[in-house]
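# Architecture at a glance
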Amino acid sequence: MAGPTADQIAIVKATVPVLKEHGTTITEVFYRNLLGENPALRNVFSKTSQDNMRQPRALANAVLVYATYIDDLPKLAAAVERIAHKHVSLQVSPEQYDIVGQYLIQAIGQVLGDAATPPIVDAWTAAYGALAAVFINREGQMYKSNAADGWVGWRKFRVARRVAESSTITSFYLAPSDGVRLPKYLPGQYVSLQLHVPQLGYLQSRQYSLSSAPRDAAEYYRISVKKDAGDKPDMPGIISNLLHDEYAVGSEVELSHPQGEFFVDPADQSKEGVPAVLISVGVGATPLMGMLSSLVPQEGNNNVPVKRPISWIHLSKSSATLPFGDEVRQICRENDNVSAHVFLRNVGPEDKQGFDYSFGQERMNLAKLDQEKDLYLGDSRTEYFICGPEAFMVEVRLVLVGMGVTKERIHLELFATGDVPSEQ
């Protein structure tokens, strides 16, 4: 498919002010029309992200960014990669891009009215087609790679084991129902988990990080799920609450092949001796737990990682909500290259400083850590991996940049719909 002409690119860029003003209205109309007339697609889109407006806002922002950089697409490469991974985890098909394009252009016309002139509509149709082609091509490569693992589409798993990691987080050990051993993944990646939601009458999917080290021909994957109360009292997390309340050992779920661009490669020889600093809050510890456990030798795991200095830094509301405490302490005892530092907002009478926590009664304050031994600021190769709510990640990144760390060495993970502002 031919891309937009130079004149059409100019027209798209000229619509940026309009998109800033009307973008969210356009995407609201888009989703309302799309899902109203194509109810089968409700299986693909998050009902929660629709209700709290995250998805319309995220799409509006994505369209705005694309219009801004349509003449400089390499700047969008990281965003395209992240979105493509999520699309593949949700099993988005090439045919669905045609449907989305039809309703997006329709929504632009519906909201802008006479201002949506034929040249504007034609320019946006060409621009959308070019972007869709980029996604279809990249996602096709990922689907081909997954097929080489013998895994196409959704696959049935049963809950083999449940383990409470904290008062709010439970680990689910998921074994393939067909008994066929599982392919490896890169530590930090996630799976999409799909359930039928009785109160909705259709399927919903959510992404959950794999929270243990990958193994050759594994018998299970582990995800660690927080029972989410939601952003509002009347909007609890649909899938997390179903899992916690209804899915006992023996229950069946569906997973798609592991995906995600937030990861470490424990076998990468070029990382020998390069410090890795893992920073998280709350359930953001889950992908970093997968990283930590993969970067140290594990009993029964033949995969020997390169040796790197590792610093685990975590913020928790209390010791009751602290996940993986015993697991992290054991890793520290067995590996002299790993240190752990826990910030605890609420210290209880039974909590012991130096064992249960490092710093108490406060938010995470990286300035309290040793800049060389804990943060490895003196090594220009050090990599920083951060996971938690957007505001937390942006704040930590700002602190690290202020300490002299370049943004290229700071890696962020996202659980929610949307993206983290790149310039904050």
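Since the structure is predicted, the reported quantities are computational estimates derived from the model, not experimental observations.

Across the sheet, 6 strands lie side by side as 10-9-8-7-11-12; this open sheet has parallel pairing. Edge positions in the open sheet fall to strand 10 (359-360) and strand 12 (410-412), since each of these has one partner strand only. Looking at chain direction, strand 9 (residues 338-344) and strand 10 are connected through 2 bridges and run parallel. Within strand 10, the position partnered with F343 by the bridge is F359. Lying on the sheet, helix 10 (residues 325-334) is in contact with strand 8 (310-316) and strand 9; it crosses strand 9 at an angle near 145°. Contacts between helix 11 (residues 390-402) and the sheet are confined to strand 7 (276-281), strand 11 (383-387) and strand 12, with strand 11 contributing the most and set at about 155° to the helix.

Another point: the sheet that holds strand 3 (residues 190-197). An order of 4-3-6-1-2-5 is seen for the 6 strands of this open sheet, with the pairing classed as antiparallel. Among the strands making up the open sheet, the edge pair consists of strand 4 (202-209) and strand 5 (221-226). Pairs of neighbouring strands in the sheet enclose a mean axial angle of 40°, with direction left out of account. Pairing of strand 3 with strand 6 (residues 252-255) involves 2 bridges; the strand directions are antiparallel. For L193, the partnering residue across the bridge sits in strand 6 and is L255.

We now examine the UniProt feature "domain: Globin" (unreviewed entry) in the protein chain. Under the feature "domain: Globin" (unreviewed entry), the UniProt entry names residues 3-140. For residues 3-140, helix accounts for 77% and strand for 0%, while the C-alpha atoms at its two ends are 19 Å apart.

This paragraph deals with the pairing of strand 11. Of all 5 residues in strand 11, 5 are buried, a share of seventy percent or more. Burial of strand 11 is two-sided: the residues E383, F385 and C387 facing one way and the residues Y384 and I386 facing the other way are all buried. Examined bridge by bridge, strand 7 and strand 11 share 5 bridges and lie parallel to one another. Across the sheet, residue I279 finds its bridge partner in strand 11, namely I386. Pairing of strand 11 with strand 12 involves 3 bridges; the strand directions are parallel. Considered in strand 12, the bridge of Y384 is made with I410. On the question of chirality, the crossover connecting strand 11 to the parallel strand 12 by way of helix 11 is right-handed.

For the rest of this paragraph, the subject is the packing of aromatic side chains. Two aromatic rings, taken as a pair, are described by how far apart their centres are and by the angle between their planes. Under the definition given, this model contains 11 aromatic pairs. Residues Y66 and W124 carry aromatic rings whose centres are separated by 6.4 Å and whose planes lie at 65° to one another, so their mutual orientation is edge-to-face. Of this pair, Y66 sits in helix 4 (residues 54-68) while W124 sits in helix 7 (residues 118-148), and the two are 58 residues apart along the sequence. Overall, the relative accessible area of 6% leaves Y66 in the buried class. You can call W124 buried: its relative accessible area is 5%.

By the largest-angle criterion, H22 marks the main kink of helix 2 (residues 16-37), which is about 65°. Among the residues of helix 2, V16, L19, G23, I26, T27, V29, F30, Y31, N33, L34 and L35 are the ones counted as buried. Considering only its buried residues, helix 2 is in contact with helix 1 (6-14), helix 3 (47-51), helix 4, helix 6 (94-112) and helix 7.

What counts as what
- Residues numbered from 1 in each chain as written.
- Predicted model: local features only at pLDDT ≥ 70, side-chain atom pairs only at ≥ 80, totals over all residues.
- Heavy atoms only, no water.
- Pairing = 2+ DSSP bridges.
- Helix = DSSP H or I, 4+ residues; strand = E, 2+ residues; numbered from the N terminus.
- Contact = heavy atoms within 4.5 Å.
- Axes fitted to C-alpha atoms, helices over the stretch in contact; angles between N-to-C directions.
- UniProt positions renumbered as here; feature names shortened; annotations may be inferred.
- Buried < 20%, exposed > 50% of the residue type's maximum accessible area, 1.4 Å probe, protein only.
- Right-handed = clockwise from strand over helix to strand, strands pointing away.
- Phe/Tyr/Trp six-rings, centres within 6.5 Å; stacked < 30°, edge-to-face > 60°.
- Bend = angle between axes of the 7 residues up to and from the residue.

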